[in-house]
Amino acid sequence: MTTWDPKTVVAGVDGSRESIDATKVAVDLARSRSAKLIIVTVVRPPEGWWGIVGSPPTAEALGDSLTQAQRDILDLVLRSVNLGDVDYETQEEIGEPASRLVSVCVETDADLLVVGRRGAGLLRRLVVGSVANHVVQEAPCPVLVVP
Ligand SMILES: Nc1ncnc2c1ncn2[C@@H]1O[C@H](COP(=O)(O)OP(=O)(O)OP(=O)(O)O)[C@@H](O)[C@H]1O
Ligand SMILES: [Mg+2]
């Protein structure tokens, strides 16, 4: 019999209430299965950067402002979620959020990706946010979408 035995769970956070709720589910799951939790926040590089340089910018090159925004998001999530004795780490990524989340899942050989159904986007035109929609289509592992 094949069983699903998750060793690594990835949660995507953008500071939204939905992403915090999703992280709470990811934390409970990681705790109950003794899995490792990786909490990931992705920031888009400033407009035009890719065209000029042609390769992904480093955090240092971008200066402190973007990474401070990520630290604020991670701080908020860590304050809002009871991690207890869960084995976790945080990861700050720069790039297109959905692609970076998928890449992290590939790189960490993740068994599950957890995201909110919606996020911090202000427009309510979509039933499912574009990042959630994209990762469902591209992720190498099961995706849990939390409303
Ligand atoms: N920058 C990001 N870094 C990490 N995870 C993210 C990021 N953006 C979104 N997510 C994850 O995806 C979930 C859905 O967010 P999404 O961005 O798809 O919705 P939205 O912001 O409402 O819509 P849109 O961005 O398309 O306007 C979030 O709850 C979060 O779990
Ligand atoms: Mg969004």
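Note that the coordinates shown come from a computational prediction; the quantities given were computed from them, not determined experimentally.

Participant: Report on the site of ligand 1, specifying residues and quantitative values.
Facilitator: Close to ligand 1 lie 21 residues; Gly12, Val42, Arg118, Gly121 and Ser130 are nearest. Residue Val42 places a main-chain N or O atom 2.7 Å away from a nitrogen atom belonging to ligand 1. Contacts to ligand 1 include Ala120, whose backbone N or O atom sits 3.3 Å from an oxygen atom. Look at ligand 1: alone it shows 610 Å² of surface, and the protein chains cover 91% of it. Applying the majority rule of atoms within 2 Å of the grid points places ligand 1 in the largest pocket. Elements with a contribution of two residues or more to the shell around ligand 1: strand S2 (36–43), helix H5 (97–107), strand S4 (112–116) and helix H6 (130–138). In the shell around ligand 1, the residues fall into 10 nonpolar, 9 polar and 2 charged.

Participant: Before we move on, can you summarise the pattern of salt bridges with the specific residues and values?
Facilitator: Opposite charge on two side chains permits them to pair, given that their charged atoms come into close proximity. Taken as a whole and assessed by the stated rule, the structure comprises 9 salt bridges. Across the salt bridge formed by Asp21 and Arg17, the nearest N and O atoms sit 2.7 Å from each other. A residue pair is termed a helical-turn pair when its members lie 3 or 4 positions apart in one helix, as Asp21 and Arg17 do in helix H1 (residues 17–33) at 4 residues. We classify Asp21 as partly exposed; its relative accessible area is 22%.

What counts as what
- Residues numbered from 1 in each chain as written.
- Chains lettered and ligands numbered in written order.
- Predicted model: local features only at pLDDT ≥ 70, side-chain atom pairs only at ≥ 80, totals over all residues.
- Heavy atoms only, no water.
- Near = heavy atom within 4 Å.
- Polar contact = N/O pair within 3.5 Å; in protein donor to acceptor, adjacent residues only side chain to side chain.
- Areas by Shrake-Rupley, 256 points an atom, 1.4 Å probe, with all protein chains shown as cover.
- 1 Å grid on protein atoms, 1.4 Å probe; cavity = no way out; pocket = protein on both sides within 12 Å on 5 of 7 lines; lining within 4 Å.
- Sits in = over half its atoms within 2 Å of the grid points.
- Helix = DSSP H or I, 4+ residues; strand = E, 2+ residues; numbered from the N terminus.
- Nonpolar A, V, L, I, M, F, W, Y, C, P; charged D, E, K, R; others polar.
- Salt bridge = Lys/Arg side-chain N within 4 Å of Asp/Glu carboxyl O.
- Buried < 20%, exposed > 50% of the residue type's maximum accessible area, 1.4 Å probe, protein only.

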